[in-house]
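Descriptive structure summary
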Amino acid sequence: MTDTTTSAPGAASIPGRVTDAPVAARRKLPIKGSAVVMGLYLLFLMLPLYWLLNMSLKTNAEILGSLTLWPRDLTFANYETILTDPSWYSGYINSLIYVTMNVAITLTVALPAAYAFSRYHFMGDKHLFFWLLTNRMAPPAVFALPFFQLYSSVQLFDTHIAVALAHCLFNVPLAVWILEGFMRGVPKEIDETAYIDGYSFPRFFVKIFLPLIASGVGVAAFFAFMFSWVELLLSRTLTSVDAKPIAATMTRTQGASGIDWGVLAAAGVLTIVPGALVIWFVRNYIAKGFALGRV
Amino acid sequence: MNKTVNQKAWFLVLPVLVLVAFSAIIPLMTVVNYSVQDSFGNNEFFWAGLEWFEEMLESERMWAALWRQLAFSAIILAIEIPLGIFVALNMPKSGFWASFCLVLMSLPLLIPWNVVGTIWQIFGRVDIGLLGYTLDAIGIDYNYTQNFYAAWATVIVMDVWHWTSLVALLAYAGLQSIPDAYYQAAKIDQASRWAVFRYIELPKMAGVLMIAILLRFMDSFMIYTEPFVVTGGGPGNSTTFLSIDLVKMALGQFDLGPAAAFSIMYFLVILLISWVFYTVMTNMDKRDGA
């Protein structure tokens, strides 16, 4: 590796001087440089978000009148429209209902399965684990039409449970992978000690094991929530009126002539809120969750 | 961890199996069913053999969508991976600012996909959007609903905005796992910044980067909502990617046979990539366990 450092000045090559003043001065510069890089990147990320927030607080006259960098005529009327008009806020309620159902179903079935994968070898375990992964990767577009027909034929079309079950397609595999990643970190001796102490499996699982992987359960729940919340194609295909999610409500508004930009922006801001509220608690697990528990 | 052989573990997996079978196998069988049959309406179906597959393989429309899709995935990977690594290298290592950056960077990842589309639709409009207005003001002819290049640029920048943070967060997680001793050794060796990156950081990040590349490839390969909201697949067909084309065919025109054949080929490609992904993942697990 030393052959790449021919450009280093002679004085600095004396061992022991590496932490001396010139080096320290040189090290200060990259820190500043990295702050600039991060500043620019975060600016790039925040600018479109700021614009959405900015528009949601303007009146339509101001939006269409002239370009203003901040609301001159601050108004919360757009938010009021959404929170008082049933056709808008029912979208949020519908979304929250099926997302909650989905999280409950996902965790209930994924917890025991993840335990089995993390602790035991059994016939076909590797194939099964791989097959689960392929479902996480399956394009929703492939499933849209068959789901529509399947749920129509069992009379579940336009119900919350239909969307919740459909989202299990990718959320259950995700949860199994994430939970398995957390569970393998728990030493097996704990299980064995508990059995020797006379715990039955269900009691051990709830009383001892679950508290140990509480953060894993939290992360799995968060990601199940998130992926169900952000998905549009399946939830839109499987609903028409009674269970229509907020995402679909928004796209239909865009189709109408004369778009109400302010309300649309406000609706967008409100869909970001659930993620933004809990993001602080999962900040160290975001990468892990997106990479199926494998980082 | 050494696992014990226990066939009873099947009972623990059974609920998942039943549930996913219900929502994956039954629909897939429907698709297979349609792909080999023809219908003249009235729910009457006739055996069509591999006709639809042959038709789809000869269909210019599908090949065009596939090339567009591959071009899109290649471009966003070429931008997001280097940019993500670069951002990860510049992130604060610990303390409040590290958490601050993590939270702000994660924000785009948690936004519903159609809202991502809406945000950029608004942001890019020449009359009311900051980006479109600025570009227009400095004399660039920018209109993402009319102009081919503007549409592609918007869709790509939107994806970079949406997902680069994921690459950065994964790379960051890889960097965090490098012990300080490595950097100290490099310092004693007078290693240049580039040498530290090339011989210490990059090899240590290789595993997570592989996951990042595969995840981004898969997800960009199935992208639907964001471009659909912004450009609706247009102008013309210029941003009609595979999923958009498929939904148009299946739910818009109700061409069940071709759409089903299309779906199956689409799914086989995904299956192949999943297998690569799985191999990478299990190899990483093995290495960590050793």
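Residues numbered from 1 in each chain as written. Chains lettered and ligands numbered in written order. Predicted model: local features only at pLDDT ≥ 70, side-chain atom pairs only at ≥ 80, totals over all residues. Heavy atoms only, no water.

1. Section: the interface of chain B and chain A
Each side of the interface is counted separately: chain B has 107 residues, and chain A has 106 residues. Of the roughly 9700 Å² buried at the junction of chain B and chain A (both faces included), carbon and sulfur atoms supply 79%. Inspection of the chain B/chain A interface yields 1 salt bridge. As a salt-bridge pair, D219(B) and R136(A) come within 3.8 Å of each other at their nearest N and O atoms. Taken together, the links from chain B to chain A amount to 15 residue pairs in polar contact (both at pLDDT 80 or more). Take the side of chain B that touches chain A: its biggest share by element is 20 residues, from helix α1 (residues 9–35) of chain B. Here the residues of the side of chain B that touches chain A sort into 79 nonpolar, 21 polar and 7 charged. Across 2 bridges, strand β1 (residues 120–121) of chain A lies against strand β1 (residues 4–5) of chain B in parallel orientation. Along β1(B), the bridge assignment pairs H121(A) with V5(B). (Contact = heavy atoms within 4.5 Å. Buried area = accessible area lost by both parts, 1.4 Å probe. Salt bridge = Lys/Arg side-chain N within 4 Å of Asp/Glu carboxyl O. Polar contact = N/O pair within 3.5 Å; in protein donor to acceptor, adjacent residues only side chain to side chain. Helix = DSSP H or I, 4+ residues; strand = E, 2+ residues; numbered from the N terminus. Nonpolar A, V, L, I, M, F, W, Y, C, P; charged D, E, K, R; others polar. Pairing = 2+ DSSP bridges.)

2. Structural notes on unusual backbone geometry
In this structure, Q155(A) is a non-glycine residue whose phi angle is positive, near 60°. In this fold, Q155(A) is placed in the loop between α6 (140–153) and α7 (160–183).

3. Some words on the domain arrangement of chain A
Residues and elements named next belong to chain A. When its domains are assigned, chain A resolves into domain 1 (2–56) and domain 2 (80–290). Of the roughly 440 Å² buried at the junction of domain 1 and domain 2 (both faces included), carbon and sulfur atoms supply 89%. If you sort the residues of domain 1 by the area they bury against domain 2, L52, M55 and S56 come out on top, with a joint share of 81%. Seen at the junction of domain 1 and domain 2, the total is 0 salt bridges. Counting the contacts that link domain 1 with domain 2 gives 0 residue pairs in polar contact (both at pLDDT 80 or more). Split into classes, the residues belonging to the side of domain 1 that touches domain 2 amount to 4 nonpolar, 1 polar and no charged. (Domains from an automatic or database assignment.)

4. Considering the pattern of salt bridges
A full pass over the atoms with the stated rule returns 8 salt bridges over all chains. Between R184(A) and E180(A) there is a salt bridge, and its shortest N-O distance comes to 2.9 Å. According to the relative accessible area criterion, R184(A) is partly exposed, its value standing at 35%. The class of E180(A) is buried, set by a relative accessible area of 3%. Two residues, R61(B) and D245(B), come together in a salt bridge whose shortest N-O distance is 2.9 Å. Of this pair, R61(B) sits in helix α3 (residues 60–90) while D245(B) sits in helix α11 (residues 242–252); the two residues are 184 residues apart in sequence, bridging distant segments of the chain. Owing to a relative accessible area of 33%, R61(B) belongs among the partly exposed residues under this scheme. Its relative accessible area of 3% is what places D245(B) among the buried residues. Here the salt bridges share partners, and the residues they tie into one network are E80(B), D159(B) and R216(B). (Buried < 20%, exposed > 50% of the residue type's maximum accessible area, 1.4 Å probe, protein only.)

5. Section: α11(B)
Most of α11(B) sits out of view: 8 of its 11 residues are buried. Looking at α11(B), one finds that the buried residues are L242(B), S243(B), I244(B), D245(B), L246(B), V247(B), M249(B) and A250(B).

6. Quick word on the packing of aromatic side chains
Per the stated rule, a full pass over the model turns up 44 aromatic pairs over all chains. Each ring, one from F148(B) and one from Y149(B), has its centre 5.1 Å from the other, and the planes form 85°; the classification is edge-to-face. On the basis of relative accessibility, which here comes to 65%, the residue Y149(B) falls in the exposed class. Relative to F228(B), the ring of Y224(B) lies with its centre 5.2 Å away and its plane at 15°, an arrangement referred to as stacked. Taken together, the ring pairs in this structure connect Y115(A), Y120(A), Y195(A), F201(A), F204(A), F205(A) and F209(A) into an aromatic cluster. One cation-aromatic arrangement involves R198(B) over Y199(B); the distance from NZ or CZ to the ring centre is 5.1 Å. (Phe/Tyr/Trp six-rings, centres within 6.5 Å; stacked < 30°, edge-to-face > 60°. Lys NZ or Arg CZ within 6 Å of the ring centre and 35° of its normal.)

7. Notes on the packing of helix α4 (residues 86–119) of chain A against helix α10 (residues 214–230) of chain A
Residues and elements named next belong to chain A. One can describe the packing of α4 onto α10 by two numbers: an axis separation of 9 Å at closest approach and a directional angle of 140°. Classed by the angle they form, the pair α4 and α10 counts as oblique. Classified by chirality, the crossing of α10 by α4 is right-handed. Judged by residue contacts, Y92, S95, L96, Y98, V99, N102, V103, T106, L107 and L111 of α4 engage V217, A220, A221, A224, F225, S228 and W229 from α10. (Axes fitted to C-alpha atoms, helices over the stretch in contact; angles between N-to-C directions. Parallel < 35°, antiparallel > 145°, perpendicular 65-115°, else oblique. Left-handed = near helix turned anticlockwise from the far one by under 90°.)

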